Amino acid sequence: METGLLTVFVQHTSCSLLIQENADPEVQDDLRAFFSRLVPRSDDPSMSYLRHTYEGPDDMPAHIKAAMLPVSLSVPVIHGALALGTWQGVYLFEHRDAPHRRRVVLHMV
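We now turn to the structure provided with this report. (Residues numbered from 1 in each chain as written. Predicted model: local features only at pLDDT ≥ 70, side-chain atom pairs only at ≥ 80, totals over all residues. Heavy atoms only, no water.)

## Some details on the overall build of the protein
A tally of helices and strands in the protein yields two helices and six strands. Beginning at the N terminus, the succession of helices and strands in the protein can be written as β-β-α-α-β-β-β-β. Out of the 109 residues in the protein, the part that is buried amounts to 28%. Pairs at least 24 apart in sequence give 77% of the contacts found in the protein among residues at least 6 apart. If you average the places of the 9 positive and of the 13 negative side-chain charges in the protein, the two averages end up 8 Å apart. (Helix = DSSP H or I, 4+ residues; strand = E, 2+ residues; numbered from the N terminus. Buried < 20%, exposed > 50% of the residue type's maximum accessible area, 1.4 Å probe, protein only. Contact = heavy atoms within 4.5 Å. Lys, Arg positive; Asp, Glu negative; His and termini not counted. Charge placed at Lys NZ, Arg CZ, Asp CG, Glu CD.)

## Observations regarding unusual backbone geometry
Within the chain, His79 stands out as a residue other than glycine whose phi angle is a positive 50°. Along the chain, His79 turns up in the loop between β3 (72–78) and β4 (81–82). A relative accessible area of 65% places His79 in the exposed class.

## Some details on the sheet that holds β3
Pairing between the strands of a sheet comes from backbone hydrogen bonds, and it takes one of two forms, parallel or antiparallel. Pairing is antiparallel in the open sheet, where four strands are placed in the order β4-β3-β1-β6. Sheet topology places β4 and β6 (104–108) at the edges, where each strand pairs with a single neighbour. For strand β1 (residues 4–10) and β6, the ladder comprises five bridges, and the chain directions are antiparallel. Bridge pairing in β6 places Val8 opposite Leu106. (Pairing = 2+ DSSP bridges.)

## Comments concerning helix α2 (residues 59–68)
Listed as buried for α2 are Asp59, Pro61, Ala62, Lys65 and Ala66. All buried residues of α2 lie within an arc of 160° about the axis, which places them on one face of the element. Where α2 is buried, its residues contact β2 (15–21) and α1 (26–38). (Arc of directions from axis to C-beta.)

## Side note on the nonpolar core
One finds Leu6, Val8, Val10, Cys15, Leu17, Leu73 and Val77 forming the largest nonpolar core, which totals seven residues. At the level of secondary structure, the elements contributing two or more residues to this core comprise β1, β2 and β3. If sequence neighbours within four positions are ignored, Val10 has contacts with Cys15, Leu17, Val71, Leu92, Arg103 and Val104. (Core = buried A, V, L, I, M, F, W, Y, C linked by side-chain atoms within 4.5 Å.)

## With respect to the environment of Met47
Take Met47: it is sitting in the loop between α1 and α2. With 49 residues separating them in the primary sequence, Met47 and Arg96 have C-alpha atoms 16 Å apart. Once residues within four sequence positions are removed from consideration, Met47 is found in contact with Val39, Pro40, Arg41, Ser42 and Ile64.

Laid out in structure tokens, this is it:
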């Protein structure tokens, strides 16, 4: 299909999808730093109220971040190309400290 709407969906609860700046990698670093300050790891004293800590101190904060950010995106496709802005890119935003294997589903209509 040359033209349509692409839905991008990540099948996990501790990462998100973003359309964001794609020219300067510092944008990704700054986003990660911001969300780390907004939702620190569960071993931070300010997060002592968290109960779900079985999978490590980064797990429940990752779920909170994923609840705040999208897990699906809709992107127009025109003549076989994503109709993103000049500086835009699609990113999987990992909220856990270590990389995880992630599955992303694409659906085009």
